[in-house]
Amino acid sequence: MSEPTVADTRRLNSKPQDLTDAYGPPSNFLEIDVYDPQTIGVGRNRYTTYEVRMRTNLPIFKLKESCVRRRYSDFEWLKNELERDSKIVVPPLPGKALKRQLPFRGDEGIFEESFIEERRGGLEQFINRIAGHPLAQNERCLHMFLQEESIDRNYIPGKVRQ
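Keep in mind that what you see is a predicted model, and the values were worked out from it rather than measured.

Summed over the entire model, instances satisfying the criterion amount to 11 salt bridges. Put simply, D85 and R84 hold a salt bridge, and the shortest N to O gap is 3.0 Å. Here D85 falls in the partly exposed class, since its relative accessible area comes to 28%. Residue R84 is classed as exposed on the basis of its relative accessible area of 53%.

Our next topic: the side chain of E51. One can find E51 in strand β2 (residues 47-56). Take E51: its relative accessible area is 15%, and that puts it in the buried class. A polar side-chain atom of E51 sits 2.8 Å from a polar atom in the side chain of R69.

Moving on to the pairing of strand β1 (residues 30-40). Where β1 lies against β2, 9 bridges are found, and the strand directions are antiparallel. Paired with Y35 across the strands is E51, a residue of β2. Connecting β1 to the next strand, β2, in antiparallel fashion are 6 residues, including G41 with a positive phi near 85°.

As a packed pair, helix α3 (residues 113-131) and helix α4 (residues 140-147) sit with axes 11 Å apart at the nearest point and diverge in direction by 135°. Classified by the angle their axes make, α3 and α4 are oblique. Relative to α4, the crossing made by α3 is left-handed. Contact residues: I127, I130 and A131 in α3; L142, F145 and L146 in α4.

A word on the packing of aromatic side chains. Using the criterion set out here, one finds 3 aromatic pairs in the structure. An aromatic cluster is built from F75, F126 and F145, whose rings are joined through pairwise contacts. Over the aromatic face of F145 sits the side chain of R70, whose NZ or CZ is 5.4 Å from the ring centroid.

Quick look at the pairing of strand β3 (residues 65-71) now. Burial along β3 is one-sided: the face carrying S66, V68 and R70 is buried and the face carrying E65, C67, R69 and R71 is not. Across 7 bridges, β2 lies against β3 in antiparallel orientation. Within β3, the residue paired with R53 across the bridge is C67.

Our next topic: the environment of V52. Mapped onto the fold, V52 is located in strand β2. Note on V52: relative accessible area 0%, which makes it buried. Considering only alpha carbons, one finds V52 and E124, 72 residues apart in sequence, at a separation of 8.4 Å.

Attention now moves to the sheet that holds β2. One open sheet holds the 3 strands; their spatial order is β1-β2-β3, and the pairing between them is antiparallel. Of all the strands in the sheet, just β1 and β3 have a single pairing partner and so form its edges. The mean angle between the axes of side-by-side strands here comes to 20°, regardless of whether they run parallel or antiparallel. Docked against the sheet, helix α2 (residues 72-85) engages β1, β2 and β3, running at close to 105° with respect to β3. Against the sheet, α3 touches β1 and β2, its axis set at about 150° to β1.

Rules of the game
- Position labels on residues start from 1 in each chain and follow its written sequence.
- For this predicted model, a pLDDT threshold of at least 70 governs which residues receive local features, and a threshold of 80 or more governs which side-chain atom pairs are given and counted, while totals over whole chains, interfaces and linings are taken from all residues.
- The basis for every side-chain value is the complete set of heavy atoms in the structure, and neither hydrogens nor water enter the calculation.
- Put simply, a salt bridge is a Lys or Arg side-chain nitrogen that is within 4 Å of an Asp or Glu carboxyl oxygen.
- Under the scheme applied here, a residue whose accessible area is under 20% of the maximum for its type counts as buried, over 50% as exposed, and between as partly exposed, the area being computed with a 1.4 Å probe on protein chains only.
- Starting at the N terminus, helices and strands are each numbered in turn, a helix being any DSSP run of H or I of at least four residues and a strand any DSSP run of E of at least two.
- Whenever a nitrogen or oxygen atom comes within 3.5 Å of another N or O atom, the pair is scored as a polar contact, on the condition that within protein one atom can donate a hydrogen and the other can accept it, and that pairs from neighbouring residues in sequence are kept only if both atoms are in side chains.
- Two strands make a pair as long as DSSP finds a minimum of two bridges between them.
- Axes here mean lines fitted to C-alpha atoms, for a helix over just the part in contact, with angles spanning 0 to 180 degrees between N-to-C directions.
- In these notes the angle categories are as follows: under 35 degrees is roughly parallel, over 145 is roughly antiparallel, 65 to 115 is roughly perpendicular, and the rest is oblique.
- The sense of a crossing depends on the near helix, which, turned anticlockwise from the far helix by less than a right angle, makes the crossing left-handed and, turned clockwise, makes it right-handed.
- Pairs of residues are marked as contacts when any of their non-hydrogen atoms sit within 4.5 Å.
- Stacked, edge-to-face and tilted are the three classes for Phe, Tyr and Trp ring pairs, Trp counted by its six-membered ring, which pair at centre distances within 6.5 Å; planes under 30 degrees apart are stacked, over 60 edge-to-face, the rest tilted.
- For a Lys NZ or an Arg CZ to count as sitting over a ring, it must be within 6 Å of the ring centre and within 35 degrees of the ring normal.

This is the structure we're talking about:
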């Protein structure tokens, strides 16, 4: 009969943590907030935009802080670009809310405050899941979406180089 094996339970040697380690800036971070929804236009030309603010120290991003205004269709564009050109599984966007767009509703439909807030939260979750993916961080479309004032829909897809 063989001897029973015993797991090695010794701790790994780690250096003691000092105050600068504990309270200093994190080694790598990427924070993205979607906030300040604003409804623009009237009638059929009415839409809502959202402020997308990014802060990071990741070297792949040329700007360490950026703030751009995007609408739902811009998020759809990003999703479609990533699905077409990258190898990542792209998470779903919050729904289109087609029933809310029907005429003769008794409420504000897609411009109702509660719906806009729900969509804002869904868009924030979507962009954070995508931007947190290491392969997506190399995609030019993500950088354009997060850091450039306007989206060039005729851009040439590709990878970003550090």
